[in-house]
Amino acid sequence: MALLQMKGITKSFFGVKVLDQVDLQVEPGEVHALLGENGAGKSTLMNILAGVYTRDAGQVFFMGKPLEDTTVRSAESAGIAFVHQELNLFNDLRVYENIFLRKELVKVLGVLDKKEMIRRTRDLMNSLGVDIHPAAMVSELDTSKKQLLEIAKALHANAELIILDEPTTSLNNDEIDLLFSLINRLKEAGKSFIFISHKMQEVFRIADRYTVLRNGLLIDTGSIKDVTSTTLARLMVGNQYTDQSVYQPRELGEVVLEMKNLSGEGFRDVSLSVKKGEIIGFTGLKGAGISELFRTIFGVLPITGGELVLFGEPVLHNSVRTAMRKRLSMIAANRKENSIIPDFSLLENFYVSEHRLSSRKPLVRINRELNRYRVHRDTLSIRASTAHAPITSLSGGNQQKVIIARWLNTQADILLLDNPTQGIDVGSKAEIYGLIQQLAHAGKTILVNTLEIPEIMKVADRCVVFYHGCIHSILPRGDISEETVMIAATNAIKSEVHA
Amino acid sequence: MSVSKADNGRQKQSITRVLGNYSFILIFFAILAVYLIINAGATTWSGVMNILRHSTVVGIIAFGMGLAIITGGIDLSVGSMLSLIGGFSVVVFNATNSPVLTLLFSLFAGLVLGSINGLLIGRIKMPPFIVTLATMMIFRSIAQYYLRSVERKSIFNMDGTLSSYDAFYSFGQSKLFDLIPTVGIILIVVTAIMVFLSTSTKYGRTVYAVGSNERAAMLAGISVEWVRTSVYIITGVLCGLAAFIWLAMNGAVDPATLGRSNEMYAIAAVVIGGISMSGGKGKLLGVLFGAMSYNIIDKIIAAMRFDALINDTIKGAILLVAVLIQIIIPSLRRRLKKAGD
């Protein structure tokens, strides 16, 4: 008998159907991949399951019993745990306090039995094979540990079904391995997972079955063994999908960006010269120092050694604005925290950076801004009802396009893209990579930092692999493959030599 | 089909949205109506114009407060700046016999005091609440100390025997075309400038950006340090202007009482005006109405011959009602939208 059966789930927001007659079935002891682009209805379906939203129609059976009028609490006590992408942990509490929240063990007079809670937390962590100290402050744990803690917390609450919403977004490969081995062990113990991810490789590594949603409709469901990643991708995006590389060779110009033994916070001795029109993919494990390098080039972090030469002139800039004057721009990682100004309309989000360069003309001229916005809207195909809509009303992909438009509007010649496709659906990803090609053709120089090697293979002329804050190797386009890059990023060959 | 539905929804939304965004006007007219009814026969043109006149000092400093709050900060020292600048402006006037030099001094002193707040908050990154709490204590204390131990008086009095005293003092009482108080016109002009600054200049938008997401603002090229510093400098200069106007209206400064609780009234005016205390949102136009609303309450209490001590009870209650409206209307809007579906 199925562990979970959702039948004919329908849900509308403001008259728009976001789920239409969707079914989902999860067996005991399986990892079920829930796939679809942003806005396909995955989150809504999961929020209905976890009791965050109420369904308009349809039935849910969990462990044979119908779930009616589900609330977050009743779903939890039924055995459904939702591990959100933005983790719901209390950073200012300790690990065991998070585990025992609302279920604290007490001694006489309601005094907390800390010893026992710590002991049980330690046992729980040991049984999961997770190395987290029970009394550690959650704020001191890194993201992967927090993720594991969330799962531990769910298990402590006797969850039978754990929903993981894009759990690997901020994890490096070692951490993903750790997470997956834990999932596999729990699966053998009979627990089930619903796994939401945009990363195809991971789906094939961990999932047993899949369900694909598109525009609120159930498209397909079946066993992972019977499909290929291309078929899945096609199912997810419909007709618009093409797997072909967008790469086209270009004539490169003179050297525009040169680093000579450049050092900063988190990286050192980086030497590289980049030509006009070139696309360079940067990759490495999380924490390898690429984000720091980008932020240093962009004037956010200080240069501590070596030299940075832009358009033939050495620079010692100490602010973002001076970097912008040197025709640099950076699309920062983590859009919500670092790029989006949430109280602004998308037009305001668009013009804010250009204004820093034109502050000698102190007035905002709405019509001029609108005209400029429309040009970028058309080239980037930003989909939004009006330029005055709040930026937060757009999907992740469209928000990111607005941010790209913000920087193109500054007439920058060198673009630093730090994880530009984070949290963006497959269709928008393809558009953004197509755009990178176009921009390079138009003479822009582009540095992309990404953890996803296939993305680099799609667009880059060269691939720079970082390891522990240094350049490990620079691969020409012909040598870029998942294997060569991973070997370099994990420093596999060198460690063999040492061993 | 779906198009017309969407349009309908937008229209319905826009009515409640206007109500939500401009609730300060509703509150203002409600209080004004109460005043006119209570005052019935005794209502005169100059009585109504006095609302404008008596709102000027708090209104002007509340605009600075509004900017500080939009960046996510606060300036508790506004009342004390008024006291310190006012006191020393009297000294300057008595020494120079020149209203123009006095005005220049007031503005410059405001610039200096505001820069102290601004540099500590913007550049050294100390919390605005703490910095301005400290300067609130310091500024007033300096005014009081100087008065007693150097001037050996209990109040800063402008020297009425000076030749330009009459011109200065009557400027504070004057009316344009015998209709509108000059100081009220200054308030309107300041309102116009501040609304323009916040909505139509690139600088104004950076103030909102910093309050909305400081990190994103920094990475978009905005100098967060400078924006933060500048709003406190502007607040200081506005306090200087307000102190000068106070002198023209009253001719004397008691450093112990001038501007007391004004920071609270300014904050209340900002909140009634619909500016979010968490920063990034709200219209400065609301500040004018917030300040005037509070002034009418003074007049209602005077007209009804209530004990003046009940004043803050009513002002506090109005503040709660104003915030309640701001919270209820958006949720009403959501419910309306749902019903529309």
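Everything quoted here is computed from the prediction, not taken from an experiment.

Draft legend 1. Molecular detail of the pairing of strand β14 (residues 303-310) of chain A. Residue and element names in this part refer to chain A. Two strands pair when backbone bridges link them, and strand β11 (residues 255-264) and β14 are joined in this way by six bridges, in the antiparallel orientation. By the bridge assignment for β14, L257 is matched with L310. Where β14 and strand β15 (residues 313-315) come together, three bridges link them in antiparallel fashion. Paired with L310 across the two strands is E313, which belongs to β15.

Draft legend 2. Representation of the interface of chain A and chain B in the model. Of the residues lining the interface, 24 residues belong to chain A; the matching set on chain B comes to 23 residues. At the level of secondary structure, the elements contributing two or more residues to the side of chain A that touches chain B comprise α10 (320-325), α11 (335-338) and α12 (346-357) of chain A. When residues in the side of chain A that touches chain B are grouped by element, the largest group, five residues, is from α12(A). For the side of chain A that touches chain B, a count of residues per class yields 13 nonpolar, six polar and five charged.

Draft legend 3. Helix α8 (residues 182-200) of chain B, seen in detail. Residue and element names in this part refer to chain B. The end-to-end C-alpha distance of α8, which contains 19 residues, comes to 26 Å, matching closely the 27 Å that a straight helix rising 1.5 Å per residue would cover. Within α8, burial applies to V183, G184, L187, V190, M194 and S198. Buried residues of α8, viewed axially, fall in a sector of 115 degrees; they line one side. Facing away from the buried surface of α8 by more than 90 degrees, the exposed residues are V189, A192 and I193.

Draft legend 4. Representation of the confidence of the model for chain A. For chain A, the average pLDDT comes to 86, and 95% of its residues sit at 70 or higher. Taken as a whole, residues 494-499 of chain A scores under 50 in pLDDT and shows zero contacts with residues more than four places along the chain or in a different chain.

Draft legend 5. Representation of the domain arrangement of chain A in the model. Residues and elements named next belong to chain A. Taken as a whole, chain A is organised into domain 1 (4-240) and domain 2 (255-498). Taking only C-alpha atoms, the centre of domain 1 and the centre of domain 2 are 32 Å apart. Taken together, the contact between domain 1 and domain 2 spans 11 residues of the former and 12 residues of the latter. In terms of residues, the side of domain 1 that touches domain 2 owes the most to one element, helix α8 (residues 229-237), which gives three residues. Counted by class, the side of domain 1 that touches domain 2 contains three nonpolar, seven polar and one charged residues.

Draft legend 6. Summary view of unusual backbone geometry. Residue and element names in this part refer to chain A. Although it is not a glycine, F311 sits at a positive phi angle of roughly 50 degrees. Relative to the assigned elements, F311 resides in the loop between β14 and β15. Of the residues examined, F311 has 16 C-beta atoms within 10 Å and is grouped as partly exposed. Positive phi, normally seen in glycine, also occurs at N334, with a value near 60 degrees.

Draft legend 7. Here's a closer look at the sheet that holds strand β13 (residues 279-284) of chain A. Residue and element names in this part refer to chain A. Strands sit in the order β16-β17-β18-β13-β19-β20 across an open sheet of six strands; the sheet is mixed. The outermost strands of the open sheet, each flanked by one partner alone, are β16 (328-331) and β20 (470-476). For this sheet, the mean angle separating the axes of adjacent strands, direction not counted, is 20 degrees. Examined bridge by bridge, strand β17 (residues 414-418) and strand β18 (residues 445-449) share five bridges and lie parallel to one another. The residue of β18 that forms the bridge with L417 is V448. Helix α15 (residues 426-441) rests against β13, β17 and β18 of the sheet, and its axis sits at about 150 degrees to β18.

What counts as what
Residues numbered from 1 in each chain as written. Chains lettered and ligands numbered in written order. Predicted model: local features only at pLDDT ≥ 70, side-chain atom pairs only at ≥ 80, totals over all residues. Pairing = 2+ DSSP bridges. Helix = DSSP H or I, 4+ residues; strand = E, 2+ residues; numbered from the N terminus. Contact = placed C-beta atoms within 7 Å. Nonpolar A, V, L, I, M, F, W, Y, C, P; charged D, E, K, R; others polar. Expected span 1.5 Å × (residues − 1). Buried ≥ 20, exposed ≤ 12 C-beta atoms within 10 Å, placed from the backbone. Arc of directions from axis to C-beta. pLDDT = per-residue confidence, 0-100. Domains from an automatic or database assignment. Axes fitted to C-alpha atoms, helices over the stretch in contact; angles between N-to-C directions.

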